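Structure at a glance
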Amino acid sequence: MKKKKIVYNFLVGILGQIITILLGLILPKFFITSFGSEVNGLVASVTQIYVYVNLLEAGVGTATLQALYKPIALNDKDEVNSILSATSIYYKKTGILYFLAVIFLSIIFPLVFKTNIDKLTIFLVVLFSGLSGVINYFFQGKYRILLEAEGKNYILMSLSTIITIVISIVKIILIVNGYDVVVVQLSFFIINLIQVFVIGYIIQKDYKWIDLKVKPNFESISQKKSVLVHQVSFMIFSNTDILILTIFTNFKVVSVYALYNQFFKAIAQLLSIANNSATFALGQLYNKSKSRFIEMIDCNEFLFFVASFSCYTTLFICIIPFMEIYTVGFTDINYIDINLAILFLLIEVCKVAKPVMNTVVTVAGHFKQTSNRAIIEMMINLITSLIGVYYYGIYGVLIGTILALLYRSNDFIIYANKTIMERTPFKTYKRLLLNIVLMVVVIMISNNFMILFNGYLDFFIKGLIMFVLISFIYISFNSVVFVDDVKGIAKLVGTRIKKNN
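In short, a report on the structure. (Residues numbered from 1 in each chain as written. Predicted model: local features only at pLDDT ≥ 70, side-chain atom pairs only at ≥ 80, totals over all residues. Heavy atoms only, no water.)

Considerations on the overall build of the protein
- When you go through the protein residue by residue, the secondary structure sums to 19 helices and zero strands.
- Across the 501 residues in the protein, those meeting the buried criterion constitute 54%.
- Taking contacts inside the protein between residues at least 6 apart in sequence as the whole, the part at least 24 apart equals 85%.
- Total accessible area on the protein is roughly 23200 Å²; 68% of this is exposed by carbon and sulfur atoms. (Helix = DSSP H or I, 4+ residues; strand = E, 2+ residues; numbered from the N terminus. Buried < 20%, exposed > 50% of the residue type's maximum accessible area, 1.4 Å probe, protein only. Contact = heavy atoms within 4.5 Å. Areas by Shrake-Rupley, 256 points an atom, 1.4 Å probe, with all protein chains shown as cover.)

A word on the packing of helix H15 (residues 371–392) against helix H16 (residues 394–420)
- Packing of H15 against H16 brings their axes to within 6 Å, and their N-to-C directions diverge by 160°. In this view, H15 runs roughly antiparallel relative to H16, as classed from their interaxial angle. Crossing handedness for the pair H15 and H16: right-handed. Along the contact surface, H15 presents Arg 373, Ala 374, Ile 376, Glu 377, Ile 380, Asn 381, Thr 384, Ser 385, Gly 388, Val 389 and Tyr 392, while H16 presents Ile 394, Tyr 395, Gly 396, Val 397, Gly 400, Thr 401, Leu 403, Ala 404, Tyr 407, Arg 408, Asp 411 and Tyr 415.
- Here the residues of the contact of H15 with H16 are counted per class, giving 12 nonpolar, seven polar and four charged. (Axes fitted to C-alpha atoms, helices over the stretch in contact; angles between N-to-C directions. Parallel < 35°, antiparallel > 145°, perpendicular 65-115°, else oblique. Left-handed = near helix turned anticlockwise from the far one by under 90°. Nonpolar A, V, L, I, M, F, W, Y, C, P; charged D, E, K, R; others polar.)

Side note on the environment of Ile 103
- With respect to the secondary-structure elements, Ile 103 resides in helix H4 (residues 77–112).
- Ile 103 sits in the partly exposed class, given a relative accessible area of 30%.
- Between the C-alpha atoms of Ile 103 and Leu 127, which are 24 residues apart in sequence, the distance is 6.8 Å.

Description of the packing of aromatic side chains
- If you walk through the whole model with that rule in mind, you get 16 aromatic pairs.
- Ring geometry for Phe 128 and Phe 189: centres 6.3 Å apart, planes at 20°, overall stacked. On the criterion of sequence distance, the pair formed by Phe 128 in helix H5 (residues 119–149) and Phe 189 in helix H7 (residues 181–192) is long-range, its members being 61 residues apart. No difference in accessibility class separates Phe 128 from Phe 189, as the two residues are buried.
- Relative to Phe 459, the ring of Phe 322 has its centre 4.5 Å away and its plane inclined at 40°; by these criteria the two rings are tilted. Of the two residues, Phe 322 sits in helix H12 (residues 290–326) while Phe 459 sits in helix H18 (residues 456–481), which places them 137 residues apart along the sequence. (Phe/Tyr/Trp six-rings, centres within 6.5 Å; stacked < 30°, edge-to-face > 60°.)

Quick notes on a nonpolar patch on the surface
- There is a patch of nonpolar side chains on the surface, built from Ile 375, Met 379, Ile 383, Ile 387, Tyr 390, Tyr 391, Tyr 392, Ile 399, Leu 403 and Leu 406 and spanning about 1100 Å² of accessible area.
- Contributions of two or more residues to the nonpolar patch are made by H15 and H16.
- Tallying contributions element by element places H15 first for the nonpolar patch, with seven residues.
- Tracing the sequence through the fold places Tyr 390 in helix H15. (Patch = residues over 30% accessible without salt bridge, like charges linked within 9 Å, V, L, I, M, F, W, Y side chains within 5 Å. Salt bridge = Lys/Arg side-chain N within 4 Å of Asp/Glu carboxyl O.)

Some points on the pattern of salt bridges
- Scanning the entire structure with this criterion turns up seven salt bridges.
- We note a salt bridge from Glu 377 to Arg 408, for which the minimum N-O separation is 3.6 Å. Here Glu 377, found in helix H15, pairs with Arg 408, found in helix H16; they are 31 residues apart in sequence, far enough to count as distant.
- On the accessibility criterion, Glu 377 (2% relative accessible area) is buried.
- When the shortest N-O distance is used, the salt bridge between Arg 408 and Asp 411 registers 2.6 Å. Placement of both Arg 408 and Asp 411 in helix H16 is noted, with a separation of three residues, approximately one turn of the helix. For the pair Arg 408 and Asp 411, a shared accessibility class is recorded, and that class is buried.

A word on the nonpolar core
- Ranked by internal contacts, the top residues of the largest apolar core, which has 82 residues, are Tyr 260 and Ile 319.
- Broken down by element, the residue count for this core peaks at 21 residues, all from H12. (Core = buried A, V, L, I, M, F, W, Y, C linked by side-chain atoms within 4.5 Å.)

Quick look at the side chain of Ser 88
- With respect to the secondary-structure elements, Ser 88 resides in helix H4.
- Discounting residues that sit within four places of it in the chain, Ser 88 has contacts with Lys 142 and Leu 212.

Some thoughts on the environment of Thr 362
- Note that Thr 362 resides in helix H14 (residues 354–364).
- Overall, Thr 362 belongs to the buried group, its relative accessible area being 15%.
- Here the alpha-carbon distance between Thr 362 and Ala 416, two residues 54 residues apart in the chain, equals 9.9 Å.

As for helix H6 (residues 153–176)
- Across its 24 residues, H6 extends 34 Å between first and last C-alpha, which sits within 8% of the 34 Å expected from 1.5 Å per residue.
- The set of residues buried in H6 consists of Asn 153, Tyr 154, Leu 156, Leu 159, Thr 161, Ile 163, Ile 167, Ser 168, Lys 171, Ile 172, Leu 174 and Ile 175.
- Of the residues one or two after H6, Gly 178 is the one with positive phi, at around 90°. (Expected span 1.5 Å × (residues − 1).)

Focus on H7
- Taking 1.5 Å as the rise per residue, H7 with 12 residues should run 16 Å; its terminal C-alpha atoms sit 17 Å apart, in good agreement.
- Along H7, the positions that sit buried rather than exposed are Val 181, Val 182, Val 184, Gln 185, Ser 187, Phe 189, Ile 191 and Asn 192.
- Residue Asp 180 occupies the N-cap position of H7, its side-chain oxygen lying 3.2 Å from the main-chain nitrogen of Val 182. (Polar contact = N/O pair within 3.5 Å; in protein donor to acceptor, adjacent residues only side chain to side chain.)

Here we look at the packing of H12 against helix H17 (residues 426–446)
- One way to put it is that H12 packs onto H17 with a least axis distance of 10 Å and a crossing angle of 20°. One finds that H12 runs roughly parallel with respect to H17. Helix-helix and strand crossings are classified by hand; for H12 and H17 the assignment is right-handed. Counting all contacts with H12, which are made through Asp 298, Glu 301, Phe 302, Phe 305, Phe 309, Tyr 312, Thr 313, Phe 316 and Ile 317, the residues of H17 involved are Lys 427, Thr 428, Arg 431, Leu 432, Asn 435, Ile 436, Met 439, Val 442, Ile 443 and Ser 446.

Spatial relationships are all this shows, so hold off on functional conclusions.
Here it is as structure tokens:
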């Protein structure tokens, strides 16, 4: 059953993300064409602002997830109930703060930022963008964590994909029929509420044994403050750029950033789904057999690196030719900038080793031990981005992110390998550096060819062919250099086949 959950999580996650990527390409074009880059930048800024509000959940969410792995592996329902009871109390207390934060942001946003968009429109856009999050947080947050800990991410991702499709279709219909951005965001709020009822139904149907009135086990989530430090660091790393650009530049610049970021973020989310599909299994395996856990991490790292470098190399080669097609008709600001593409690529290269190593730290529960490192990353990112935006604008913000990543990614590699897995980090560094060299070689060779796309269909066909060729190069190269990993993967697959026969 565990293997099936991993497969379901992966397939549903990948399919959902592909759909989300396609819709993510369509919607901004409608927004920019109909409302202009300022409105698109406003929506992007508001979306990122609420990522920070979600920090109210971040610490207890991850702490609860880590605490649930062991009792779920042992089928200890009493312990699961006591953990969820403690988590539920926390959610009720912070849910009120979430609501107040939405009201505060709705009032302050139109007063602080200078724009040609009228203040009432900004107020309502911010309000409707946040209210659905409040309701979902208050009523279903704890249940989402339970489903994730049990490996049922595929349920959450399926629901999220369906909601995204419905919201996107409704938004497009409203925009085409001339409705303003306020009505468009109101539809986002209303449709998002469906999640509350669906998850409530699933819990009532399949988890009748859940009892939130039992004695809460607050000790089980005692690491939530340390986890929060990590989550704050991650949120700042992921979302400070847009916030700083919103404050120090304008919504048009934010729109340019958001468009490039959307492509690279989409690939990162696809890769994250692949990496996270088996996290619940790794978390349970860590508590049973550390040696087998390490073997799995090696296989995971090999596959993740091959997939990451294949995807990002292809994206970098294709992004500017694609942007030239995509941004036809966008006249209020220039969207074609190879320097942005280079900086975004460097960000992804710097953090390619983080997800796998972060999985090691998370399942081992080493939150308190590494919290100071997360604070250092946060400070590096904030300080360098603030200085960078003053001198170099959008480029400076991205450079600040790169500098923070150089520190934190190395720290993850060293800590996870030495402290938790008790081995040298040499193998991870060797894998990283050799793939970087190969990426540079592939990109330099591609520069000798003029890549042109005659429309979206031509882009899809040529891009897919290019991805297959580049993936073949990375797979072949890594298979020759890291033979032991290939043998380990083959052994793992062989064991699975024998169990099924």
